[in-house]
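# Survey of secondary and tertiary structure
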Amino acid sequence: MLENNHKDMSVLSDDEFRMKFRNWLETTYPDEWKNPVVFRLHGAEETRWLRMLYDGGFRCPGWPRKYGGMGLGLRKQLIYHEELERIGAARNVDTGATLLGATIIRHGTDAQKQKYLPEVLNGDCLWCQGFSEPNAGSDLASLKTTAVLDGDEYVINGTKIWTTMAPFSHKIFLLARTDMNAPRPQQGISMLIVDDMKQEGMIVRSITNLNGEAEFAQVFFDDVRIPATNVIYKVNKGWDVAKAMLGDERIFIGSPSLANQTFTVLEELISQMGKETDELFKAEVAKAFCDLNDLRALFAQVCDAAIRGVADGKTYSTIKVQASETFKRISDTLINVAQEYGASVGHPDLDGFEKDILAFFLIARPSTIYGGASEVQKTIIARDIFGPLAKR
Amino acid sequence: MVWRHDNEMQRMLRDSIDAHVSANHSTDRVRECREMSAGFDLQEWKSMAELGWTGVLLSEESGGTGLPLSESLPLAEVIGRNLFPEPFVASAIIAATILNAAYSKAFQVIAEPLVDGSRVITLAFQERPSMKSVAEPSVTCKGGKLNGTKLFVPAWSDITDLLVTCVLDEKLAIVFVPGNAEGLVASPTKMSDGSLMTTLKFSGVAIEPENILLQGQTALDALNLAIANGTLALCAQMEGLATAAFDITVDYMKNRVQFNQPIADFQANRFVMVDLNGEIELGGASWRQALIDLEKNGFEAAHVSISAAKARCSEMVLGVTKASIQYHGGIGFTEDADIGLYLKAALRLSSWLGGAAYHRAAAYDMYREGQVDAGK
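Computed from a prediction, not measured in an experiment: that's the story for all the values here. (Residues numbered from 1 in each chain as written. Chains lettered and ligands numbered in written order. Predicted model: local features only at pLDDT ≥ 70, side-chain atom pairs only at ≥ 80, totals over all residues. Heavy atoms only, no water.)

### Quick notes on the overall build of chain B
- In terms of regular secondary structure, chain B is built from ten helices and ten strands.
- Whereas a compact globule of 376 residues would reach a radius of gyration of roughly 21 Å, chain B reaches 21 Å, a difference of no more than 12%.
- Each principal axis of the C-alpha atoms in chain B carries an extent, and together these give about 75 × 55 × 40 Å.
- Counting over 376 residues, chain B shows a buried share of 58%.
- Within chain B, contacts between residues at least 6 apart in sequence are counted, and of these 76% link residues at least 24 apart.
- Approximately 14900 Å² of chain B is accessible, and the part contributed by carbon and sulfur atoms is 52%.
- For chain B, the centre of its 31 positive side-chain charges and the centre of its 45 negative side-chain charges are spaced 6 Å apart. (Helix = DSSP H or I, 4+ residues; strand = E, 2+ residues; numbered from the N terminus. Rg over C-alpha atoms; globule rule 2.2 N^0.38 Å. Buried < 20%, exposed > 50% of the residue type's maximum accessible area, 1.4 Å probe, protein only. Contact = heavy atoms within 4.5 Å. Areas by Shrake-Rupley, 256 points an atom, 1.4 Å probe, with all protein chains shown as cover. Lys, Arg positive; Asp, Glu negative; His and termini not counted. Charge placed at Lys NZ, Arg CZ, Asp CG, Glu CD.)

Printed below as a string of structure tokens:
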């Protein structure tokens, strides 16, 4: 009953698929969401967009068809993302599809699949992810939120923070400690589902970020009760599930699209300021251009490797670091070239230029923090290069 | 071409070179070559020819293997990795590309000695320290006489013959000049890696009509393709060199103990090496994509990505080898330590055919010209 009833697009040629999605986007994608200065769709907007994709047969490209997804291979998924970028689509977090859904498909029970997948598909249910805590960021395994079994319910106490889109979400999946006596911090953690963000004991306190948006939040759990069946995979095995959450899709965190978008704005800005040939900035802009070129090359090579199944963990960490650092560097160049305009709130006072360059700069900051901070990724890469530390 | 994965042909080539390297090559040989007059070993050039390397790109009509560039580049990579001083890129890639375009009777006479390793062929095209306007030389060929000066010519030796760019009948031409031609004076400069970079002065050197290999548009196309091929091969060579220096340094860092722990355990050191590893990955990806671009779309379309690749690889190979010296400590600054050989080779390769600053600016300029042409 979960089966996708739309035509199977995985059998199309790559070009046919590209044109099909492109045509659909061109006729369907709302103009007011194109090349947004506001980067992401929230709440009702996101639901509307997911519903449009669902109705059009373009929802959940990576999910198997028997669970209602499009059942596309990685190559077509890449095309899917390229076309979204081409039309200038706003990003949406879609935690329900990329993280929760993919995990339920891999590790969930039949009942969980029946219950959760359809409402993710049609956009009715938006999810957020409760991993980080005030004292467990990069060191996630030191998390302190607990879930204690009481009859056929778990009782959750603790707090999660930096929970992206929590103020707009209906449900949350989280990591909590279910065995307080486990010998290692990574053990004794379970992945749990709270079915209602508004249920008794839940408090969501939104946090305003540096760019003035209230997208993320701190979430408090005060004796929150959930059915004992709301465990994903096995009790005390939450760490293993969390580590394996992103399969092939890890690659998309290395996409050059944000760096690319920022460079496009940089070009517009230079042209608007009449600085195309200004020697003072040319070397910097040329550096940004080459950085972007090489990031795109690396992404293309890594995608190729992933499609052939030969990309390893070090490669994914490398592309994540490079994509986020490059995005940051190009946004730095943008601010630098803008000179006095660089610190303008909203778009600078330049005729016909409507890009909020400060927002680009500010939104670039956390890209090296979320999804595994650069320092964590570099530690992973270093372990691959040097092996484990000799001491310890 | 797959990221870090060879196809069948590439793997065979790599196996052949690996076998040859372990049997015949060492850093001792690199040091010996530095003392030789040409900066490389004419006998080893002959051995490389017997393995088919000097003719790898040359068309089969001349006895070469006629492989496409992408299939040939594992050779450049391994040559870089092992610091081979023999002029593979200058002769077997750059000069060979010109010869492939100049298929003729003379071509047979010139190309066969390259295939069998009895001669080295090199292209003399630069006249100033820039890769700009190389298609507009001031060397002239008038009334069968060649006059003018070329700079930065690689691969000069007792067995080297020349392909020279010049203006003939107001058009670009490429002519063949035997190394022992009358009126040719060579002034070699020793480079950091022991190779020679030579200034060639042509004073009324006689050019027989059959030695005018290419003229006009075909000469221009051949020159552009030769530089494009050579630049990418050089990138592959630099990646090989950087990877070797990186591996040697990682090994050293794991064994060198200070403050009671291997210096590889200090996070500050680890992160620097991780960053450099990222640069190697970017450089490797950049030239591979540029190569795909070149083989698919031709050199005019690929100019931007080739320049970006050369910029990245030039900077990357210097970054890696400089850090390698640093992490070797005092030993790294000694003549005895091999790691210094890598830095000195990196200096030479990174600047040859244009350094990082030049190519970054060139990539961006050409990109912008493309934008203007496309009416954007």
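### Some details on the domain arrangement of chain A
Residues and elements named next belong to chain A.
- Segmentation of chain A into domains returns domain 1 (11–92), domain 2 (127–240) and domain 3 (248–386).
- Taken residue by residue, the interface counts eleven residues in domain 1 and 16 residues in domain 3.
- Inspection of the region where domain 1 meets domain 3 yields one residue pair in polar contact (both at pLDDT 80 or more).
- Its residues assigned to classes, the side of domain 1 that touches domain 3 comprises five nonpolar, three polar and three charged. (Domains from an automatic or database assignment. Polar contact = N/O pair within 3.5 Å; in protein donor to acceptor, adjacent residues only side chain to side chain. Nonpolar A, V, L, I, M, F, W, Y, C, P; charged D, E, K, R; others polar.)

### Regarding the domain arrangement of chain B
All names here are of chain B.
- If you check the domain split of chain B, you get domain 1 (8–118), domain 2 (122–215) and domain 3 (218–373).
- Distance between the C-alpha centres of domain 1 and domain 2: 21 Å.
- Each side of the interface is counted separately: domain 1 has 20 residues, and domain 2 has 19 residues.
- For the pairing of domain 1 and domain 2, the buried interface totals around 1500 Å² over both sides, and the portion due to carbon and sulfur atoms is 74%.
- It is Arg34, Ile98 and Ile110 that lose the most area in domain 1 upon contact with domain 2, and together they represent 30% of the buried surface on that side.
- Our count for the domain 1 to domain 2 interface comes out at zero salt bridges.
- One can count two residue pairs in polar contact (both at pLDDT 80 or more) joining domain 1 with domain 2.
- When residues of the side of domain 1 that touches domain 2 are traced back to their parent elements, those giving at least two are helix 3 (42–50), helix 5 (88–101) and helix 6 (105–115). (Buried area = accessible area lost by both parts, 1.4 Å probe. Salt bridge = Lys/Arg side-chain N within 4 Å of Asp/Glu carboxyl O.)

### Topic: the interface of chain A and chain B
- If you look at the interface, chain A gives 39 residues, while chain B gives 40 residues.
- When the buried surface of chain A facing chain B is broken down by residue, Phe289, Gln301 and Phe386 of chain A rank first, second and third, together holding 22% of it.
- On the surface where chain A and chain B come into contact, there are four salt bridges.
- One can count eight residue pairs in polar contact (both at pLDDT 80 or more) joining chain A with chain B.
- Within the residue set of the side of chain A that touches chain B, elements represented by two or more residues are helix 7 (257–273), helix 8 (279–307), helix 9 (313–338) and helix 11 (374–386) of chain A.
- For the side of chain A that touches chain B, the residue count by class is 19 nonpolar, seven polar and 13 charged.

### Overview of the pattern of salt bridges
- Taken as a whole and assessed by the stated rule, the structure comprises 42 salt bridges over all chains.
- Of the charged contacts in the structure, one is a salt bridge between Asp94 of chain A and Arg59 of chain A, with a shortest N-O distance of 2.7 Å. On the criterion of sequence distance, the pair formed by Asp94 of chain A in the loop between helix 3 (74–87) and helix 4 (95–107) and Arg59 of chain A in the loop between helix 2 (43–56) and helix 3 is long-range, its members being 35 residues apart.
- The salt bridge involving Asp161 of chain B is made with Arg119 of chain B; its shortest N-O contact spans 2.7 Å.

### Considering the side chain of Ser190 of chain A
All names here are of chain A.
- Secondary-structure assignment places Ser190 in strand 5 (residues 189–194).
- You can call Ser190 buried: its relative accessible area is 0%.
- Polar contacts involving the side chain of Ser190 include one to the side chain of Thr178, which spans 2.5 Å.
- A distance of 2.7 Å separates the side chain of Ser190 from the backbone nitrogen of Asn236, its partner in a polar contact.

### Let's talk about the packing of helix 7 (residues 217–255) of chain B against helix 9 (residues 339–351) of chain B
All names here are of chain B.
- Interaxial distance between helix 7 and helix 9 falls to 10 Å at its minimum, and their mutual angle equals 160°. When the axis of helix 7 is compared with that of helix 9, the two are roughly antiparallel. Between helix 7 and helix 9 lies a crossing whose hand is left-handed. Contacts between helix 7 and helix 9 pair Leu234, Gln237, Met238, Leu241, Ala244, Ala245, Ile248 and Thr249 from the former with Ile339, Tyr342, Ala345, Ala346, Leu349 and Ser350 from the latter. (Axes fitted to C-alpha atoms, helices over the stretch in contact; angles between N-to-C directions. Parallel < 35°, antiparallel > 145°, perpendicular 65-115°, else oblique. Left-handed = near helix turned anticlockwise from the far one by under 90°.)

### Concerning the packing of aromatic side chains
- Inspection of the entire model under this criterion finds 21 aromatic pairs over all chains.
- Seen from their ring centres, Phe21 of chain A and Trp24 of chain A are 6.1 Å apart, and the 10° between their planes marks the pair as stacked. A residue pair is termed a helical-turn pair when its members lie 3 or 4 positions apart in one helix, as Phe21 of chain A and Trp24 of chain A do in helix 1 (residues 14–28) at three residues. For the pair shown, Phe21 of chain A and Trp24 of chain A are each scored as buried.
- Each member of the aromatic cluster is reached from another via a ring pair, and the members are Phe17, Phe21, Trp24, Tyr29, Trp33, Trp49, Phe58 and Tyr80 of chain A.
- Lying over the aromatic face of Phe361 of chain A, Arg365 of chain A brings its terminal NZ or CZ to 3.9 Å of the ring centre.
- Here Arg29 of chain B stacks its cationic end above the ring of Phe84 of chain B, 5.1 Å away from the centre of that ring. (Phe/Tyr/Trp six-rings, centres within 6.5 Å; stacked < 30°, edge-to-face > 60°. Lys NZ or Arg CZ within 6 Å of the ring centre and 35° of its normal.)

### A closer look at the packing of helix 4 (residues 69–81) of chain B against helix 8 (residues 267–328) of chain B
Residues and elements named next belong to chain B.
- Two elements in contact, helix 4 and helix 8, have axes separated by 11 Å at closest approach and are oriented at 150°. By the angle between their axes, helix 4 is roughly antiparallel relative to helix 8. Pair helix 4 / helix 8 crosses with right-handed handedness. Counted together, Leu69, Ser70, Leu73 and Glu77 of helix 4 and Trp287, Arg288, Leu291, Leu294 and Glu295 of helix 8 form the full contact between these two elements.
- Taken together, the residues of the contact of helix 4 with helix 8 sort by class into five nonpolar, one polar and three charged.

### Examining the nonpolar core
- Membership of the largest hydrophobic core comes to 105 residues, with the highest contact counts inside it found for Phe88, Leu99, Leu163 and Trp287 of chain B.
- If near-sequence neighbours (up to four positions away) are discounted, Leu99 of chain B is found in contact with Leu58, Phe107, Ile110, Ala111, Leu114, Leu163 and Leu213 of chain B. (Core = buried A, V, L, I, M, F, W, Y, C linked by side-chain atoms within 4.5 Å.)

### Examining helix 5 (residues 110–121) of chain A
Residues and elements named next belong to chain A.
- Between its first and last C-alpha atoms helix 5 spans 16 Å; for twelve residues at 1.5 Å apiece the expected length is 16 Å, and the two agree.
- Of the residues making up helix 5, those classed as buried are Gln112, Lys113, Tyr116, Leu117, Glu119, Val120 and Leu121.
- Gly123 lies just past helix 5 and shows a positive phi near 85°. (Expected span 1.5 Å × (residues − 1).)

### Remarks on the environment of Tyr29 of chain A
Residues and elements named next belong to chain A.
- Looking at the element boundaries, Tyr29 is found in the loop between helix 1 and helix 2.
- Once the C-alpha coordinates of Tyr29 and Gly88 are considered, the two residues, 59 residues apart in sequence, prove to be 9.5 Å apart.
- The residues contacting Tyr29, other than those within four sequence positions of it, are Trp24, Lys34, Trp49, Ile87, Ala89 and Ala90.
- A polar side-chain atom of Tyr29 sits 2.8 Å from the main-chain amide nitrogen of Ala90.

### A few points about unusual backbone geometry
- With phi around 70°, Asn236 of chain A is a residue other than glycine that occupies positive phi space.
- Within the fold, Asn236 of chain A resides in the loop between strand 8 (231–232) and helix 6 (238–243).
- Here the phi dihedral of Phe152 of chain B falls at roughly 55°; this positive angle occurs in a residue that is not glycine.
- Topologically, Phe152 of chain B is positioned in strand 3 (residues 145–153).
- We classify Phe152 of chain B as partly exposed; its relative accessible area is 23%.

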